[in-house]
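Chain by chain, the residues run as shown.
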Amino acid sequence: MAVSTDNWKTQIRKGYLELCILSLIRTQKRVYGFDLIEKLTAADLPLKEGTVYPLLNRMTADGLLSATWDTENLKGHPRKFYSLTRDGSRVLDEMTEEFDRMVKILRQLSKG
Amino acid sequence: MPTDPKLERYLSSLDRALAPLLVSERADILIEIKSHVSSALERDPQLSMDRVLAALGEPETVANRYLMERGKAPVKPPISPIVKWLVVGFLGTVAMVLFFVAFLAVKFSDKLDLDSTMKGGSKGRYEGTFAWKSGETRPLVIQTVNSKIDLETASGSDFAWNCKGIAGKEPTIREDEKAITLDFGGVSSVKCELKIPENAQLSMDILNGKLAVSEPRFHLNAKLGNGKVSIQPDHSRSYRYDLSVMSGKVDDFESSKDESAYRISVNVSNGVISNEE
């Protein structure tokens, strides 16, 4: 019976997803939930829609993101826009640095 | 513009499952999810409401993710509504029968010759303490079925319990990185005095019973199926209340917007939340 990597993938994707979300918000400067999900999906990042909103909610509560409701759009349903705070930007830099470091370490280990 | 009934049902389930959060937080989440659904349908008018909601996931699952991200205890996973109500009805009846039997047993326990091989001393009285670290962030979870619980703030730094149970089963305390749990092992009918350390986050889910909270200097997240909760605030402290009763009544409590206020969140299905003893 082959061992599945699903468990490992789920674990590693969780941290990776946060990094990708912060990175995308930095690039876009200002983005709303649905748009964010579309862009992540377009980049081939596997995700469940119901996972993203709770993450955004927590990151906002932690002060990494600032959120504003925008009611100006057509069709009359308000949209919640997210942007990086200074803390969020700092955290993103730290996460990116750590991620790059981990890739470097793995490469080193694989060389033997 | 009328809202789709399926969407309303989804949002309603989501709202209920988010009960531990403040009402303004719930409202924010519901509007955002509703906006997501509208955006999805705009982007692809061919999509059915069922598909969009399925892509989000079961409302209880989504709610649990919100709660877990905020470090709160998750709600139970979803089951089909019919099965859920059959099970609830059955358990409710069993619970009532057990509660009645336990009540009789307690009433006549002096006349019964209880098993002398029981651990922990005379007639099922159990006491214990657990050293509580200052600045502990993990919630304290009490797992019980039917019970009468008196909550007070601990004068020292330990979490302490003094309980009377039926059968010879002692409550066990265990901890992992998520929580510290006092588990009564499904023993029905438990009567306890609990001393809760200051600033702890206490979480309880009781099926039937009574909860008396006296001058709490800790945070409480309690759910009671049937029964009465009475809360006596410490008048030298401020509290942020989130109280709801599905069928029954809630007395008035003075809620504060202060950041440092103790959060008291109580949800009762059938019963009363009272400000008297």
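What counts and how
Residues numbered from 1 in each chain as written. Chains lettered and ligands numbered in written order. Predicted model: local features only at pLDDT ≥ 70, side-chain atom pairs only at ≥ 80, totals over all residues. Heavy atoms only, no water. Phe/Tyr/Trp six-rings, centres within 6.5 Å; stacked < 30°, edge-to-face > 60°. Helix = DSSP H or I, 4+ residues; strand = E, 2+ residues; numbered from the N terminus. Buried < 20%, exposed > 50% of the residue type's maximum accessible area, 1.4 Å probe, protein only. Lys NZ or Arg CZ within 6 Å of the ring centre and 35° of its normal. Contact = heavy atoms within 4.5 Å. Buried area = accessible area lost by both parts, 1.4 Å probe. Salt bridge = Lys/Arg side-chain N within 4 Å of Asp/Glu carboxyl O. Polar contact = N/O pair within 3.5 Å; in protein donor to acceptor, adjacent residues only side chain to side chain. Nonpolar A, V, L, I, M, F, W, Y, C, P; charged D, E, K, R; others polar. Core = buried A, V, L, I, M, F, W, Y, C linked by side-chain atoms within 4.5 Å. Pairing = 2+ DSSP bridges. Axes fitted to C-alpha atoms, helices over the stretch in contact; angles between N-to-C directions. Parallel < 35°, antiparallel > 145°, perpendicular 65-115°, else oblique. Left-handed = near helix turned anticlockwise from the far one by under 90°. Expected span 1.5 Å × (residues − 1). Arc of directions from axis to C-beta.

## Section: the packing of aromatic side chains
Here is step 1 of the chain: Counted according to the given criterion, the structure contains six aromatic pairs over all chains.
Here is step 2 of the chain: Relative to Tyr262 of chain B, the ring of Tyr239 of chain B lies with its centre 6.0 Å away and its plane at 40°, an arrangement referred to as tilted. Of this pair, Tyr239 of chain B sits in strand 10 (residues 239–250) while Tyr262 of chain B sits in strand 11 (residues 262–274), and the two are 23 residues apart along the sequence. Tyr262 of chain B matches Tyr239 of chain B in its accessibility class, with the two residues each being buried.
Here is step 3 of the chain: Aromatic ring contacts, followed pair by pair, group Tyr239, Tyr241, Phe253 and Tyr262 of chain B into a single cluster.
Here is step 4 of the chain: Above the ring of Phe81 of chain A, the side-chain terminus of Arg30 of chain A is found at 4.1 Å from the ring centroid.

## So, the interface of chain B and chain A
Here is step 1 of the chain: The interface of chain B with chain A comprises 20 residues on the first partner and 22 residues on the second.
Here is step 2 of the chain: Approximately 2,000 Å² of surface area, both sides summed, lies buried where chain B meets chain A, with 53% of it carried by carbon and sulfur atoms.
Here is step 3 of the chain: Three residues, Glu32, His36 and Glu69 of chain B, lead the burial of chain B against chain A; their summed loss comes to 30% of the area buried on that side.
Here is step 4 of the chain: Linking Asp28 of chain B and Lys80 of chain A is a salt bridge whose minimum nitrogen-to-oxygen distance equals 2.7 Å.
Here is step 5 of the chain: At the boundary of chain B with chain A, the tally comes to 14 residue pairs in polar contact (both at pLDDT 80 or more).
Here is step 6 of the chain: Those elements that provide at least two residues to the side of chain B that touches chain A are helix 2 (23–43), helix 3 (49–56) and helix 4 (59–69) of chain B.
Here is step 7 of the chain: It is helix 2 of chain B that contributes the most residues to the side of chain B that touches chain A, twelve residues altogether.
Here is step 8 of the chain: Of the residues belonging to the side of chain B that touches chain A, the class tally is nine nonpolar, four polar and seven charged.

## Structural notes on the pattern of salt bridges
Here is step 1 of the chain: Counted under the stated rule, the structure contains 24 salt bridges over all chains.
Here is step 2 of the chain: Within this structure, Lys14, Glu18, Arg58 and Asp62 of chain A together with Glu69 of chain B form a network of salt bridges that share partners.

## Re the nonpolar core
Here is step 1 of the chain: Membership of the largest hydrophobic core comes to 45 residues, with the highest contact counts inside it found for Ile21, Leu36 and Leu56 of chain A together with Ile33 of chain B.
Here is step 2 of the chain: Counting residues per element, this core draws most heavily on helix 1 (residues 6–28) of chain A, at seven residues.
Here is step 3 of the chain: Once residues within four sequence positions are removed from consideration, Leu56 of chain A is found in contact with Ile21, Ile25, Gly33, Leu36, Leu65 and Tyr82 of chain A.
Here is step 4 of the chain: Grouped together as the second largest cluster of nonpolar side chains are 39 residues, Leu140, Phe184, Ile196 and Val268 of chain B included.

## Regarding the sheet that holds strand 1 (residues 31–32) of chain A
Here is step 1 of the chain: Taken in spatial order, the three strands make up an open sheet running 1-3-2 (chain A), and their pairing is antiparallel. The sheet is open, and its two edges are formed by strand 1 and strand 2 (65–70) of chain A, each paired on a single side.
Here is step 2 of the chain: Summarising the sheet, strand 1 of chain A and strand 3 (residues 79–84) of chain A pair through two bridges and their orientation is antiparallel. Paired with Val31 of chain A across the bridge in strand 3 of chain A is Tyr82 of chain A.
Here is step 3 of the chain: Helix-sheet contacts for helix 2 of chain B involve strand 1, strand 2 and strand 3 of chain A, and the interaxial angle to strand 3 of chain A is about 105°.

## A short note on the pairing of strand 4 (residues 158–165) of chain B
Residue and element names in this part refer to chain B.
Here is step 1 of the chain: Strand direction decides the pairing type here: strand 1 (residues 125–131) and strand 4, joined by seven bridges, are antiparallel. Following the sheet pairing, Tyr126 is matched in strand 4 by Cys163.
Here is step 2 of the chain: Bridging between strand 4 and strand 7 (residues 190–196) involves six bridges; their strand directions are antiparallel. What sits directly across from Trp161, in strand 7, is Leu194.

## Things to note about the packing of helix 2 (residues 33–42) of chain A against helix 3 (residues 49–61) of chain A
Two measures define how a pair of helices packs: the angle their axes make with one another and the distance between the axes.
Residue and element names in this part refer to chain A.
Here is step 1 of the chain: Closest axis-to-axis distance for the helix 2/helix 3 pair is 10 Å, and the angle between their directions is 125°. In terms of orientation, helix 2 lies oblique with respect to helix 3. Two packed elements cross with a definite hand, and for helix 2 against helix 3 that hand is right-handed. For the pair helix 2 and helix 3, contact is made by Gly33, Phe34, Leu36 and Ile37 and by Glu49, Val52, Tyr53 and Leu56, respectively.
Here is step 2 of the chain: For the contact of helix 2 with helix 3, the residue count by class is six nonpolar, one polar and one charged.

## What to know about helix 1 (residues 5–17) of chain B
Each α-helix winds once per 3.6 residues, and so residues spaced three or four apart point in a common direction.
All names here are of chain B.
Here is step 1 of the chain: Across its 13 residues, helix 1 extends 18 Å between first and last C-alpha, which sits within 8% of the 18 Å expected from 1.5 Å per residue.
Here is step 2 of the chain: Buried within helix 1 we find Leu7, Tyr10, Leu11, Ser13, Leu14 and Ala17. The buried residues of helix 1 all sit within an arc of 160° when viewed along its axis, so they share a single face. Exposed and oriented more than 90 degrees from the buried face of helix 1 are Pro5, Arg9 and Arg16.
Here is step 3 of the chain: On the buried face of helix 1, the contacting elements are helix 2, helix 3 and helix 4.
Here is step 4 of the chain: With a side-chain oxygen lying 2.6 Å from the backbone nitrogen of Lys6, the N-terminal cap of helix 1 falls on Asp4.

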